[in-house]
Amino acid sequence: HVQLVESGGGSVQAGGSLRLTCVASQRANCMGWFRQGPGKEREGVATINPHSATSYLVDSVKDRFTISQNNAKNIVYLLMNSLQPEDTAMYYCATSHWNCYENQADPTDFNDWGQGTQVTVS
């Protein structure tokens, strides 16, 4: 099992920014960010292949968020700009045994999960 620790969440006003950090205990074939808002199902946000740095963001955030990594330290970041109340959720980092699927961020494809970090936008 891969151990994952997220940080960087908090409360921010609409239009503000936050950078989330995920530290993994070992290299994975795919790393992703997911979120679950109140009363909603968990949904994908972004993925990155640590080996190639190839990334993917879902349409709802691709013009506002950026996923990046420090591959040597098994760290992945999610920079969130222009935050809106609809972005309020618990944000989770996760890893997959398999390479990232093209243009997908499906929670069911991921195996190990962090505890999450809360993001609240008002």
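Just above, that's the structure.
By convention here, each chain's residues receive numbers from 1 onward along its written sequence. Selection of residues for local features in this predicted model requires a pLDDT of at least 70, selection of side-chain atom pairs for listing and counting requires 80 or more, and totals for whole chains, interfaces and linings are taken over all residues. Values reported for side chains reflect all heavy atoms of the structure, with hydrogen atoms and water molecules removed beforehand.

**Student:** Help me understand the overall build of the protein chain in this model?
**Tutor:** In this text, helices come from DSSP runs of H or I with a minimum length of four residues, and strands from runs of E with a minimum of two, each type numbered from the N-terminal end. When helices and strands are counted, the protein chain shows zero helices and 11 strands. What you see in the protein chain, going N to C, is helices and strands ordered as β-β-β-β-β-β-β-β-β-β-β. C-alpha atoms define the radius of gyration in this analysis, and the globule rule sets the expected value at 2.2 Å times the number of residues to the power 0.38. In terms of overall dimensions, the protein chain is globule-like: its C-alpha atoms have a radius of gyration of 13 Å, near the 14 Å expected for 122 residues. Taking the principal axes of its C-alpha atoms as reference, the protein chain extends roughly 35 × 25 × 25 Å.

**Student:** Hey, could you run me through the packing of aromatic side chains in this one?
**Tutor:** Centre distance and the angle of the planes are the two values used to describe a pair of aromatic rings. Aromatic rings from Phe, Tyr and Trp, with only the six-membered ring used for Trp, were paired whenever their centres fell within 6.5 Å, and each pair was classed as stacked if the ring planes differed by under 30 degrees, edge-to-face if by over 60, and tilted otherwise. Taken as a whole, this structure holds three aromatic pairs when the rule is applied. Between F34 and W113, the ring centres sit 4.9 Å apart and the planes meet at 55°, which makes this aromatic pair tilted. Placement of the pair is F34 in strand β4 (residues 30-36) and W113 in strand β10 (residues 112-113), with a sequence separation of 79 residues. A relative accessible area of 26% places W113 in the partly exposed class. Clustering of aromatic rings is evident, with ring pairs tying together F34, Y92, F110 and W113. Think of it in three bands: residues with accessible area under 20% of the maximum for their type are buried, residues over 50% are exposed, and the middle band is partly exposed, with areas taken using a 1.4 Å probe on protein chains only.

**Student:** Explanation requested: the pattern of salt bridges in the structure shown.
**Tutor:** Close approach of charged atoms allows side chains with opposite charge to pair. What counts as a salt bridge is simple: a side-chain nitrogen of Lys or Arg found within 4 Å of a carboxyl oxygen of Asp or Glu. Tallying each qualifying case throughout the model produces four salt bridges. Put simply, D87 and R64 hold a salt bridge, and the shortest N to O gap is 2.8 Å. One end of the pair, D87, is in the loop between β8 (75-80) and β9 (89-96); the other, R64, is in the loop between β6 (55-57) and β7 (65-70), and 23 residues separate them in sequence. A single salt-bridge network, built from bridges that share partners, covers R35, E43, R64 and D87.

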